[in-house]
Amino acid sequence: MEPAIRRHAPIQGGRLPASEATTARDLDRVLAYHQRTKHHLERYAAGPEALDWSSQPDPFRSFKGAPAIPLPLGGDSLATPFGQLQEPGRIAPQPLSLNAIALLLELSMGLSAWKEYGPDRWALRCNPSSGNLHPTEAYLVSQGVPDLPDGVYHYLSRDHALEQRAACGSPGSEARAWIGLSSIHWREAWKYGERAFRYCQLDTGHALGALRYAAAALGWRLRLVPGVGSQALGGLLGLDRAEDFFGTETEEAEVLLEVMVGNAEALPPPEPPSAAAWKGRANVLDPHPMYHWPVIDEVAEASRTAGEAEREVMPFGFPPRAACLTAEPASTLIRRRRSAQRFDNRPHMGAHQFYTILDALLPRRAVPWDVWDFAPRLHPVLFVHRVEGLAPGLYALLRDEVAGAGLRAAMLGSFAWTRPAGAPAHLPLYLLAEAGCGQLAKAIHCHQAIAADSGFALGMLAEFEETLSAAPWRYRQLHWEAGLLGQVLYLEAEAAGLRGTGIGCYFDDSFHQLLGLTGNRYQSLYHFTVGFPLTDTRILTLPPYPGRQP
């Protein structure tokens, strides 16, 4: 039986104004979707009863008939150390050119390797994805870039190429570029059913982080372009062209980013191309879909934005980060990133490794948080298992001490809230309860051993109800922040000689109950775990673009 949908009562017995009525209706639909797609100990969220891996959807979107421009491979030549990405102004910006854009895409949305095991072969990418299904597509809007005609392009990661979807722009304009992101919901729904919309939004956040780190390696900044609504972005990227997506899986517009080089001032994006300028038709990813999940379309519609330009002041009160844990080039670390499949549950990670990783989650005017225009709304709660000098137990990291006070008041009154001895003075980490929590972490994370065999696992608690009450589209935004946190954890774990993996399967309300949380004031949106990986040596690792020369 579907859960009942709560309805807002009209104010003073009258009708709500049209805009408020729309917001209330959209909020109801978003909250109903979130509740409906929770996993519970006694049942999982609705999903396919069986999977035919031989008929998995095509992992690569392409546009037949769109002219393709092969991009050069240059990741091996980029020597920018990963640690320097955290130092604003340290890296001299490269000119905006076709080669530099190729590097940006290679190190963010491109392939990092191919894997083979027996007859099976699959690609890995620099941007992580739930189930390695990759619903996120990237588009480039170029203007005045040398050696690249002005227009709208789709990035085809399989070939490291740009497909020109439309020509647009004004000849002679200064070199500028924008990156648009979209989601193909079916890629995730094929495996995960109704919960797929959540995972698509997390992957958008991962892509935001991947793009920000790659841009920093080139000395560039990125900014979220405000005031561009879902419909307008869809029009700019050509996602609203029904004739180009007829009979195939559609794409949902997510976010637009502007590439900022040097002291460039922000510009509005170009106008959408004319109808006659578009080329290419989208390929069919799954010719025989066995399921349909209407609730995904419903929550997508309810969480679209009309172009609100709301921005907040980030609390940049934390000191600059200490030295990085690696001197490796950023391009090496980014392309080496993997999702751990298993962990060695014997060694303990060093306290310095642990605190350095957590420190990277705090908002600063540095990579990647300088792309995020909103106050932090997510706070990790950690299951600490194996960290030298730190007692096992439950901990909380309050990324904003003021907002964190509300979380503290909402949790169990018996929690200790003491600062661990030896923790950096500026790190707002608190011990809630000291206890071995391996089996508890495993149970809450859908009985997965990766949550117990690691050095630590965590769940990201969002300031949920208040954030969504006036702007239901921020349901997406909360997930983007969670995915951005996940990208930081992935790369910082690699820098520390460890490995991480996102966990999308967890029992939502069981985690809340553990902490004494009730209602919708706080909700957990993403979980993660970090430790010492065990590698399956039977799986072969092959180059991402075999046969192509850098």
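You'll find the structure just up there.
The structure contained in this document is the topic of the report that follows.

Conventions adopted
Residues numbered from 1 in each chain as written. Predicted model: local features only at pLDDT ≥ 70, side-chain atom pairs only at ≥ 80, totals over all residues. Heavy atoms only, no water. Pairing = 2+ DSSP bridges. Helix = DSSP H or I, 4+ residues; strand = E, 2+ residues; numbered from the N terminus. Axes fitted to C-alpha atoms, helices over the stretch in contact; angles between N-to-C directions. Contact = heavy atoms within 4.5 Å. 1 Å grid on protein atoms, 1.4 Å probe; cavity = no way out; pocket = protein on both sides within 12 Å on 5 of 7 lines; lining within 4 Å. Points joined across faces, edges and corners; volume = space filled by probe spheres on them. Nonpolar A, V, L, I, M, F, W, Y, C, P; charged D, E, K, R; others polar. Core = buried A, V, L, I, M, F, W, Y, C linked by side-chain atoms within 4.5 Å. Buried < 20%, exposed > 50% of the residue type's maximum accessible area, 1.4 Å probe, protein only. Polar contact = N/O pair within 3.5 Å; in protein donor to acceptor, adjacent residues only side chain to side chain. Disulfide = S-S within 2.5 Å.

Concerning the sheet that holds strand β9 (residues 221-224)
Here seven strands make up an open sheet; going across it, the order is β2-β7-β6-β5-β8-β10-β9 and the pairing antiparallel. At either end of the open sheet lies a strand with only one pairing partner, and these are β2 (68-70) and β9. Across this sheet, the average inter-strand angle for adjacent strands is 30°, counted without regard to direction. Helix-sheet contacts for helix α2 (residues 98-106) involve β5 (136-143), β6 (151-156), β7 (161-167), β8 (176-183) and β10 (252-260), and the interaxial angle to β8 is about 25°.

Some words on unusual backbone geometry
Here the bond from valine 367 into proline 368 is cis, since omega is -5°, no more than 30 degrees from zero. Within the element layout of this structure, proline 368 appears in the loop between α8 (351-359) and β12 (378-384). One non-glycine residue with positive phi stands out, namely histidine 447, at about 65°. One can find histidine 447 in the loop between α10 (438-444) and β15 (456-463).

Some remarks on empty space enclosed by the protein
By the definition in use, this model includes five cavities of 30 Å³ or more. For the lining of the largest cavity, the secondary structure elements donating two or more residues are α5 (230-237), β10 and α12 (474-495). No other element matches β10, which puts three residues into the lining of the largest cavity. Residues that form the lining of the largest cavity fall into these classes: 11 nonpolar, six polar and three charged. Estimates place the volume of the second largest cavity at around 80 Å³. Arg125, Thr136, Glu137, Tyr155 and Ser157 are the residues nearest the centre of the second largest cavity, which is lined by 13 residues in total. Breaking the lining of the second largest cavity down by element, the ones donating at least two residues are β5 and β6.

A look at the sheet that holds strand β18 (residues 540-542)
On the basis of which strands lie adjacent, the open sheet formed by three strands has the order β4-β3-β18 and antiparallel pairing. Bordering the open sheet on either side are β4 (120-125) and β18, each of which pairs with just one other strand. The average angle at which neighbouring strand axes cross in this sheet is 30°, direction not considered.

Examining the nonpolar core
With 120 residues, the main nonpolar core has Phe354 and Leu382 as its most contacted residues. Ignoring sequence-local partners within four residues, the contact set of leucine 382 consists of Phe354, Leu358, Gly393, Leu394, Tyr395, Ala396, Leu397, Leu429, Phe456, Ala457 and Leu458. Among the nonpolar cores identified, the runner-up in size contains 25 residues, and Val381, Trp417, Ala457 and Tyr522 belong to it.

Topic: the side chain of histidine 34
Mapped onto the elements, histidine 34 comes out in helix α1 (residues 18-36). Of the residues examined, histidine 34 reaches a relative accessible area of 1% and is grouped as buried. Side chain to side chain, histidine 34 and glutamine 523 meet in a polar contact 3.2 Å long. Each residue touching histidine 34, except ones within four places of it in the same chain, is listed here: Arg198, Phe464, Tyr475, Gln523 and Leu525.

Re the state of the cysteines
Throughout the structure, instances matching the rule amount to one disulfide. The disulfide partner of cysteine 446 is cysteine 505, and the gap between their sulfur atoms is 2.2 Å. An S-S torsion of about -90° defines the bridge between cysteine 446 and cysteine 505 as left-handed. Here cysteine 446, found in the loop between α10 and β15, pairs with cysteine 505, found in the loop between β16 (499-503) and α13 (508-515); they are 59 residues apart in sequence, far enough to count as distant. Using a relative accessible area of 10% as the deciding quantity, one classes cysteine 446 as buried. Note on cysteine 200: no disulfide assigned, nearest cysteine sulfur contributed by cysteine 505 at a separation of 16 Å.

A few points about the pairing of β10
Of all nine residues that make up β10, nine are buried, and the element is covered over most of its length. The pairing of β8 with β10 spans seven bridges and is antiparallel. Across the sheet, residue serine 182 finds its bridge partner in β10, namely alanine 253. Relative to β10, β9 runs antiparallel, the two sharing four bridges. Across the sheet, the residue bridging to leucine 222 is valine 259, located in β10.

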